[in-house]
Amino acid sequence: MPELYDLTLEAARELLLKREVKVEELVLASLERIRVTEPQVSACLATREEEALELARDMDREGPAPEKILWGLPLSAKDVFCLPGTPTTAGSRMLENYRPTFEATVLTKLREAGAIIVCKTNLDEFAMGSTTEFSAYKPTRNPWNLARVPGGSSGGAAAGVAARQVPGGLGTDTGGSIRQPAAFCGCVGLKPSYGRVSRYGIVAYGSSLDQAGPLTRTVADAGRILSAISGPDGKDSTCSNLPVPDFVNLASRDPRALTLGLPPEFWDGEFDPAVREALDRALAELRDAGVTLKSVSLPRVPYGVATYYILASAEASTNLARYDGVRYGFRASESSELAGLYRDSRSKGLGQEAQRRILLGTFVLSSGYYDAYYKKAAQIRRLIQEDFVKAFGEADFILAPVSSIPPWPFGAFTEDPLTQYQLDVMTVPLNLAGCPGLSLPVGLGADGLPVGVQLWGPSFGEQGLLEAGSLLEKIFPPLPAPPLK
Amino acid sequence: MLDLEPVIGLEIHAQLLTRTKLFCACPTEFGAEPNSNICEVCSGQPGALPRMNGKALELAATAGLALGSRVNSRSLFSRKNYFYPDLPNGFQTSQLDPPICEGGSLSFRTADGGTKSARLNRVHLEDDAGKCVHDEKRGVSLVDLNRAGTPLIEIVTEPDLSSSYEAMEFLKKLHALLVFLKVTEGRMEEGEFRCDVNISLRPRGSSQLGVRGEIKNLNSFKFVGQAIEYEIVRQTALYERGEPVLQETLHFDSRKGETRSLRSKEEAHDYRYFPQPDLPPVVVPEATIEALRRGLPESPERARERLVALGLREAQIALLLERVEFLEYFDQALAQGGESGKIASLMEELFLPQCQKEGISPLEAPMKPAFLASLAKILASGAVGRRKIQELFGELYLSGRDPAALLEAKGASQISDEGALREIVAGVIAKFPQDARKYAAGEEKVLSFLVGKVMKESGGRANPQKAAELLKAELAPRGV
C-alpha cells in the first residue's frame with residue numbers, strides 16, 4: 001500500500017468508505033507530511049491541527065457518509081477564503097490579525113460535502129502576483145526545485161498539492177492564479193466559468209474576474225471538488241443560477257472525435273527551449289493518439305495583458321479601499337489626524353505590489369483618463385469574448401501553453417514588474433472571456449521542471465472540459481512525486 | 001444696479017421605507033445601540049458581497065412613476081469612490097448611468113397663487129453611509145455603522161427654481177407626495193429627507209448659467225429657505241463688487257444663518273465612478289413597471305378634490321392625505337355606506353391616534369374599515385353617545401368584531417325610552433330638591449347640573465337631549 005499522503009482524493013475515498021483507513025489516520029498523515037515538507041516548501045500560512053483532528057474523530061465515530069462526495073478528505077484552502085476562528089490574511093500584513101466572523105460559501109459547501117480543511121496556504125498579497133514572492137510572510141518554494149518560484153498567486157496551494165501535503169487544495173484564479181502555479185508545480189488546476197462558483201467570503205481582488213477552483217493531482221479529483229463548490233448562492237448576485245452538471249462521473253471521450261484549436265498568437269511565440277521541446281513532444285503525442293489539432297486564431301488576445309491589468313487593477317484599487325485601518329486590520333498608531341491615519345496604515349500595511357496596482361487602478365479610473373484606459377479596456381474585453389465564442393465554433397476546445405518559460409529563480413523579475421506582467425499573456429485572456437480552463441502537466445522539461453498546457457472550454461462547459469482533460473491525462477499521466485527530502 | 005435672477009436646482013435624498021438595508025438583511029430601524037444593526041456586508045468585511053433589496057427597487061420605481069419619470073427596465077450600479085471613516089467599503093454604491101428613473105416633473109404653488117412645474121433630471125438608488133460621532137471631551141471620533149447601507153433615492157431636479165419660496169414649496173410638495181406614497185417616512189429631523197441646493201445667479205433674461213455654489217445636507221424646509229436667501233445676498237454682493245463667484249461646496253450654519261465654504265472646485269473629490277462589478281444590471285421587466293403603474297394610488301391632488309366635494313374639514317383632508325393607507329382605509333369604510341363626516345371624525349379623533357399608539361398601519365388594525373363604518377352609523381343614529389364610544393373605543397378597536405353587537409352586549413346603547421328616563425329624572429329631582437326649585441324659579445344654568453346627575457344615575461347611557469327635555473317638562477311652572 002502506498003503512503004497515505006500519496007493517495008489521490010478518489011483513492012483515499014475508496015479506502016475511507018471501506019473503513020480500511022480512518023479519517024483520523026488520513027488527516028494525521030497529511031499533518032505529518034506538512035510537518036516534514038514545510039521547512040522545504042513553505043506552502044502553509046497556518047495549519048488547523050486541533051480542529052481538523054477533532055472533526056476527523058467525529059467522522060470516524062459516525063461512520064462513512066458516502067453521499068458526501070468529499071467525506072473525510074483533507075484539503076487546503078488558500079488564505080483568501082474567510083474561515084471563522086482562523087486568521088484570514090490574504091498574504092497581507094494588513095490582515096495579519098483579521099479573524100472573520102463568517103464563512104466563505106465555498107468553504108461551507110466543502111464542509112457540507114465532508115471535506116476537512118487542514119491548512120491555509122500561502123499566496124501573493126491579495127492574490128496579486130505570479131510567484132508567491134509578494135506574500136508579506138514568506139515565499140513558497142517550488143517542490144521540484146527549491147530555488148525556483150512555485151508560480152502564483154495560488155503558489156502555496158500548488159506546492160502543497162505537489163509536495164503531497166494534501167491531495168487537493170482550493171485556490172483562486174483572477175488572471176491565471178490557479179492554472180500557472182499548477183503548471184509550475186506539475187499538478188492539475190481548474191478555473192471555473194465566471195459565475196459557476198460563489199465568490200462570497202473570498203477576499204476580493206478583481207471582482208469581475210475572480211473565481212475559486214481546485215488544485216489536485218488528477219482531473220477526476222478536480223471534478224470532484226468542483227462538484228462540491230459549484231452552484232447558485234443567494235449571497236453572490238454574480239453567481240449563476242444554472243444547474244450544475246455531474247462533474248464526478250465523467251463520460252470518456254474518443255480522441256479521434258476531439259478537435260483542439262491552437263491559437264497561433266500563443267504557439268508561434270518565443271519559448272524557452274526546454275519548454276518548447278516538452279510542448280512539441282506533447283503535440284506529437286496528441287496527434288499520435290488521433291486528436292485533431294488545428295490553428296484557431298484569437299486575434300485580440302495580444303491585448304489581453306494590457307486589458308487585464310487595467311480592469312483588474314481598477315477593481316482592486318477600490319476593493320482594497322476598505323483596508324483603511326479604521327474598523328479592522330492593521331492601523332498605524334502614530335498619526336492622530338485622519339489623512340495621516342490612512343496614509344500610514346495603508347503605506348505600512350500594504351506591500352509593494354498591492355500599492356502598485358492600487359496606484360495603477362486609481363489612475364485608470366481618474367477623471368480625464370477613464371475613457372482612454374478603463375472604458376477602452378472594457379471594450380476590448382468584449383472583443384476578446386467575441387474571439388472566444390467564434391473559436392469555439394471552430395474547435396471543441398482551445399489548447400494553449402501556460403507559460404513560455406519554466407519556473408524562474410526567486411527575484412528574477414521583482415525589479416521588472418512589466419516583464420513579469422507580460423508573462424501572464426497566456427493565462428489572462430480566459431478570465432477576460434469568463435470561460436473555464438483546465439491546466440495539467442504534460443511532463444518534465446529537460447531542466448527537470450514541470451511543463452503544463454491548458455484546455456479552454458466554452459462558458460459553463462466544465463463537464464466537457466473535464467472529460468477532455470481526462471482524455472489528455474491518459475496521454476500525459478500525472479507526474480510522480482517531486483524529489484523532496 | 002444689476003438685475004440678477006437666482007437659478008436653483010435641488011438634489012433630494014429620501015430614505016426608502018424598507019425593513020432591511022439596500023444590500024443586506026440588517027434592519028433599518030432608527031435609534032438602536034451603535035453598531036448593533038450591522039453585518040459583514042454593511043460593515044465592509046473582506047469578501048462580503050452586496051445583494052439587492054427588491055423592495056427598495058420597487059419604491060424607487062414607484063416614486064419615479066408618481067413623478068412622471070421614465071422607469072428604465074435596465075439600470076446599473078456604480079462605485080463612487082472616496083475615503084471617510086463612516087464609509088466602510090471605501091466607496092458608495094450608487095447609480096450613475098443609467099439610473100432607475102429619468103425625467104419627470106412636479107408642479108407646485110407659486111407665491112402669486114399660480115402653479116409652476118420643475119423638471120426632474122433623474123431618480124436613482126444608492127446606499128447611505130454610517131455616521132461619525134466626535135467626542136470632544138475624550139478627544140476621539142467614533143463610528144456608528146447602523147445607518148450604513150440604508151437605501152436612499154436621490155432625486156435631482158433641473159435648475160428650474162428661481163426663489164427660496166419656490167424651492168420650499170417644491171420640497172414640501174415632494175415630501176408630502178413621497179410620504180403619502182409610503183416611499184419614505186420622511187422624518188427630516190432624523191435625516192430621512194434631506195436636500196442639497198445648487199444655486200447661481202445670472203442677469204435676468206440670460207439663458208446662460210452662472211457659477212454655482214452647492215449647499216450640502218439641509219434637513220429642514222426652513223434651512224433651505226434661509227440658506228438660499230443668504231446665498232442670493234452673498235453672490236449678489238460678489239457680482240456687484242465685480243468679484244467672481246467660486247464653484248464650491250458650502251455648509252449652512254443654521255445657528256449663524258450663513259453659509260461657509262467646505263471645499264473648492266480644486267479640492268473636489270474625483271469619485272472615479274465605474275460599474276460595480278459585484279452587482280449585475282438591475283432589470284425591471286416592462287410588465288413589472290406596468291403593474292407598479294397600475295398600482296399607483298390616485299394622486300393627492302385628485303384625492304383632495306374628492307374629499308373637498310364630500311364636505312370634509314380641511315384638517316381632516318390634510319390628515320387623510322398624509323399617508324396613502326389613511327386614504328385607503330377611509331375609502332374602504334366609506335364604501336360600506338357610512339357617513340363621510342362621521343367616518344373622518346372617528347378616524348381623526350379616535351382610530352388613527354390609536355393606530356399610532358400601537359405603531360401599526362390602519363389597514364392592519366383589528367378594527368376593520370367595515371367596523372369603523374358601522375360605528376359611524378351608530379354615532380349618526382344617536383343610538384350610542386359620542387362620550388360612550390370614546391370611553392369604550394379601546395375595547396371596540398381591539399375586539400375585531402362589529403361594534404354594534406359589542407355595544408349591544410355591553411348595554412351601552414342610549415336610554416331614549418321616555419318611560420325609563422322619566423323614572424331616573426324623577427329620582428334626580430327627588431334627590432336634589434333645592435336645585436330643582438332653583439331651576440323652576442328660572443335659574444337656567446342649573447339645568448346642566450341636573451342633566452349631569454341624570455347621566456350619572458344612568459351610567460352614562462341616558463340620551464342627554466332627551467333628559468334635558470324631560471327635566472324641563474317636569475320642572476316647568478305648572479298651572480300658570
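The structure displayed is predicted, hence computed values, not measured ones.

A. Structural detail: the overall build of chain B. A tally of helices and strands in chain B yields 15 helices and 17 strands. The long-range share in chain B, meaning contacts at least 24 apart out of those at least 6 apart in sequence, stands at 68%. When the accessible surface of chain B is split by element, carbon and sulfur atoms take 50% of a total near 22700 Å².

B. Region of the structure containing the overall build of chain A. Looking only at helices and strands, one finds 16 helices and 11 strands in chain A. Computed over C-alpha atoms, the radius of gyration of chain A comes to 21 Å, within 12% of the 23 Å expected from 2.2 N^0.38 for 485 residues, which places it in the range of a compact globule. Referenced to the eigenvectors of the C-alpha coordinate spread, the extents of chain A come out at roughly 65 × 55 × 45 Å. Across the 485 residues of chain A, 65% fall into the buried class. Counting only contacts in chain A whose residues sit at least 6 apart along the sequence, the fraction spanning at least 24 positions is 76%. Roughly 16600 Å² of accessible area belongs to chain A as shown, and the carbon and sulfur atoms make up 52% of that amount.

C. Expanded view of unusual backbone geometry. A cis amide bond, omega 10°, links Gly 152 of chain A with the succeeding residue Ser 153 of chain A. Mapped onto the elements, Ser 153 of chain A comes out in the loop between strand E3 (116-121) and helix H5 (155-162). A cis geometry characterises the amide bond from Asp 97 of chain B onward to Pro 98 of chain B, with omega recorded as -5°. Within the fold, Pro 98 of chain B resides in the loop between strand E5 (91-95) and strand E6 (101-102). Even without a glycine there, the phi angle at Arg 164 of chain A is positive, about 65°. With respect to the helices and strands, the residue Arg 164 of chain A is situated in the loop between H5 and strand E4 (168-173).

D. Looking closely at the interface of chain A and chain B. Facing the 38 residues of chain A at the interface are 32 residues of chain B. A combined buried area of about 2700 Å² lies between chain A and chain B, and 55% of that area is made up of carbon and sulfur atoms. Applying the counting criterion to the chain A and chain B interface returns 1 salt bridge. Between Asp 278 of chain B and Arg 199 of chain A there is a salt bridge, with the nearest N and O atoms lying 3.0 Å from each other. Across the chain A-chain B interface, the total number found is 14 residue pairs in polar contact (both at pLDDT 80 or more). Element by element, the count of residues in the side of chain A that touches chain B is highest for helix H10 (residues 304-319) of chain A, at 5 residues. Each residue belonging to the side of chain A that touches chain B can be placed in one class, and the counts come to 19 nonpolar, 12 polar and 7 charged.

E. Molecular detail of the packing of aromatic side chains. On inspection of all chains with the given rule, the structure shows 25 aromatic pairs over all chains. Ring geometry for Phe 23 of chain B versus Phe 77 of chain B: centroids 5.5 Å apart, planes at 80°, classification edge-to-face. Residue Phe 23 of chain B is located in the loop between strand E1 (4-15) and helix H1 (54-66), and its partner Phe 77 of chain B is located in strand E4 (residues 77-81); the two are separated by 54 residues in the primary sequence. Summarising the burial analysis for this pair, Phe 23 of chain B and Phe 77 of chain B share the class buried. When the ring centre of Tyr 5 of chain A is taken as reference, the NZ or CZ atom of Arg 33 of chain A above it lies at 4.4 Å.

F. Focus on the packing of H10 of chain A against helix H12 (residues 352-365) of chain A. Residue and element names in this part refer to chain A. For the pair H10 and H12, the least separation of the axes is 7 Å and the interaxial angle reads 100°. As the angle between them shows, H10 and H12 are arranged roughly perpendicular. Of the residues in H12, those in contact with Tyr 309, Ile 310, Ser 313, Ala 314, Ser 317 and Thr 318 of H10 are Arg 357, Ile 358, Leu 360, Gly 361, Thr 362, Val 364 and Leu 365. Classifying every residue of the contact of H10 with H12 by side-chain character gives 7 nonpolar, 5 polar and 1 charged.

G. How the structure looks around the pattern of salt bridges. Overall, the coordinates contain 53 salt bridges over all chains when judged by the stated rule. Among the salt bridges present, the one from Arg 147 of chain B reaches Asp 128 of chain B, with a minimum N-O distance of 3.4 Å. Of this pair, Arg 147 of chain B sits in the loop between strand E10 (140-144) and strand E11 (151-157) while Asp 128 of chain B sits in the loop between strand E8 (115-127) and strand E9 (131-135), and the two are 19 residues apart along the sequence. As a salt-bridge pair, Arg 323 of chain B and Glu 185 of chain B come within 3.3 Å of each other at their nearest N and O atoms. Of this pair, Arg 323 of chain B sits in the loop between helix H6 (314-320) and helix H7 (324-335) while Glu 185 of chain B sits in the loop between helix H2 (164-180) and strand E12 (193-203), placing them 138 residues apart in sequence. Judged by relative accessible area, Glu 185 of chain B falls into the partly exposed class, the value being 29%. Bridged by salt links that share partners, the residues Arg 199 and Asp 236 of chain A together with Arg 79 and Asp 278 of chain B form one connected network.

H. Examining the environment of Leu 471 of chain A more closely. Residues and elements named next belong to chain A. Along the polypeptide, Leu 471 turns up in helix H16 (residues 462-475). A relative accessible area of 6% means that Leu 471 is categorised as buried. Along the chain, Leu 471 and Val 219 lie 252 residues apart, while their C-alpha atoms are 9.4 Å from each other.

I. Structural context of helix H11 (residues 338-349) of chain A. Residues and elements named next belong to chain A. With 12 residues, H11 should reach 16 Å at 1.5 Å per residue; the first-to-last C-alpha distance of 16 Å fits that figure. Those residues of H11 not exposed but buried are Gly 340, Leu 341, Tyr 342, Asp 344, Ser 345, Arg 346 and Gly 349. In this structure, the buried residues of H11 make contact with H12.

J. Main features of the sheet that holds strand E10 (residues 437-444) of chain A. All names here are of chain A. Read from one edge of the open sheet, 11 strands run E1-E3-E2-E4-E6-E5-E10-E11-E9-E7-E8, paired in mixed fashion. Of all strands in the sheet, those bounded by a partner on one side alone are strand E1 (44-47) and strand E8 (292-295). Across this sheet, the average inter-strand angle for adjacent strands is 30°, counted without regard to direction. Relative to E3, strand E2 (residues 74-78) runs parallel, the two being bridged by 5 bridges. Across the sheet, the residue bridging to Ser 76 is Cys 119, located in E3. The strands touched by H5 are E3, E4 and strand E6 (211-216); relative to E6, the strand with the most contacts, the crossing angle is about 20°. Contacts between helix H9 (residues 273-288) and the sheet are confined to strand E7 (259-262), E8, strand E9 (397-401), E10 and strand E11 (450-456), with E11 contributing the most and set at about 50° to the helix.

K. Spatial organisation of the confidence of the model for chain B. The share of residues in chain B with pLDDT of 70 or more is 97%, and the mean pLDDT across the chain is 91. Confidence metrics for the complex model read pTM 0.88 and ipTM 0.96.

L. Quick look at a negative patch on the surface. Taken together, the side chains of Glu 49, Glu 50, Glu 51 and Glu 54 of chain A present a region of like negative charge at the surface. Looking at the secondary structure, you find Glu 54 of chain A in helix H3 (residues 49-62).

M. Local environment of the domain arrangement of chain B. For chain B, the assigned domains read domain 1 (4-283), domain 2 (297-409) and domain 3 (418-475). Placing a centre on the C-alpha atoms of domain 2 of chain B and another on those of domain 3 of chain B gives a separation of 34 Å.

N. Representation of the pairing of E5 of chain B. Residue and element names in this part refer to chain B. With 5 of 5 residues buried, E5 lies mostly within the body of the structure. The alternating pattern of E5 places Phe 91, Thr 93 and Gln 95 and Gln 92 and Ser 94 on opposite faces, both of which are buried. One ladder, built from 5 bridges, connects E4 with E5; its direction is antiparallel. Each bridged residue has a counterpart across the sheet, and for Phe 77 the counterpart in E5 is Gln 95.

O. Local environment of the side chain of Gln 92 of chain B. Residues and elements named next belong to chain B. Inspection of the secondary structure puts Gln 92 in strand E5. Of the polar contacts made by the side chain of Gln 92, one reaches the backbone oxygen of Asp 127; its length is 2.8 Å. Those residues in contact with Gln 92 that sit more than four places away from it in its chain are Ser 78, Arg 79, Lys 80, Tyr 82, Leu 87, Glu 126 and Asp 127.

P. Highlighting helix H10 (residues 386-399) of chain B. All names here are of chain B. For H10, spanning 14 residues, the distance from its first C-alpha to its last is 19 Å, which sits close to the expected 20 Å at 1.5 Å a residue. For H10, the principal kink sits at Leu 392 and spans about 60°. What H10 keeps buried is the set Lys 388, Ile 389, Leu 392, Phe 393, Leu 396 and Tyr 397. Two residues or fewer after H10 comes Gly 400, characterised by a positive phi angle close to 65°.

Q. The nonpolar core, seen in detail. In this structure, Leu 110, Leu 260 and Phe 388 of chain A together with Phe 351 of chain B are the most contacted members of the largest nonpolar core, which totals 246 residues. Mapped onto the domain boundaries, this core takes at least three residues apiece from domain 1 (4-283) and domain 2 (297-409) of chain B. Apart from residues no more than four positions distant in its own chain, Leu 110 of chain A is found in contact with Leu 70, Leu 75, Ala 115, Ile 117, Leu 170, Ile 225, Ala 228 and Ile 229 of chain A. Membership of the second largest hydrophobic core comes to 19 residues, among which are Val 446, Ala 468, Leu 470 and Leu 471 of chain B.

Procedures and definitions
- Residues numbered from 1 in each chain as written.
- Chains lettered and ligands numbered in written order.
- Predicted model: local features only at pLDDT ≥ 70, side-chain atom pairs only at ≥ 80, totals over all residues.
- Heavy atoms only, no water.
- Helix = DSSP H or I, 4+ residues; strand = E, 2+ residues; numbered from the N terminus.
- Contact = heavy atoms within 4.5 Å.
- Areas by Shrake-Rupley, 256 points an atom, 1.4 Å probe, with all protein chains shown as cover.
- Rg over C-alpha atoms; globule rule 2.2 N^0.38 Å.
- Buried < 20%, exposed > 50% of the residue type's maximum accessible area, 1.4 Å probe, protein only.
- Buried area = accessible area lost by both parts, 1.4 Å probe.
- Salt bridge = Lys/Arg side-chain N within 4 Å of Asp/Glu carboxyl O.
- Polar contact = N/O pair within 3.5 Å; in protein donor to acceptor, adjacent residues only side chain to side chain.
- Nonpolar A, V, L, I, M, F, W, Y, C, P; charged D, E, K, R; others polar.
- Phe/Tyr/Trp six-rings, centres within 6.5 Å; stacked < 30°, edge-to-face > 60°.
- Lys NZ or Arg CZ within 6 Å of the ring centre and 35° of its normal.
- Axes fitted to C-alpha atoms, helices over the stretch in contact; angles between N-to-C directions.
- Parallel < 35°, antiparallel > 145°, perpendicular 65-115°, else oblique.
- Expected span 1.5 Å × (residues − 1).
- Pairing = 2+ DSSP bridges.
- pLDDT = per-residue confidence, 0-100.
- Patch = residues over 30% accessible without salt bridge, like charges linked within 9 Å, V, L, I, M, F, W, Y side chains within 5 Å.
- Lys, Arg positive; Asp, Glu negative; His and termini not counted.
- Charge placed at Lys NZ, Arg CZ, Asp CG, Glu CD.
- Domains from an automatic or database assignment.
- Bend = angle between axes of the 7 residues up to and from the residue.
- Core = buried A, V, L, I, M, F, W, Y, C linked by side-chain atoms within 4.5 Å.

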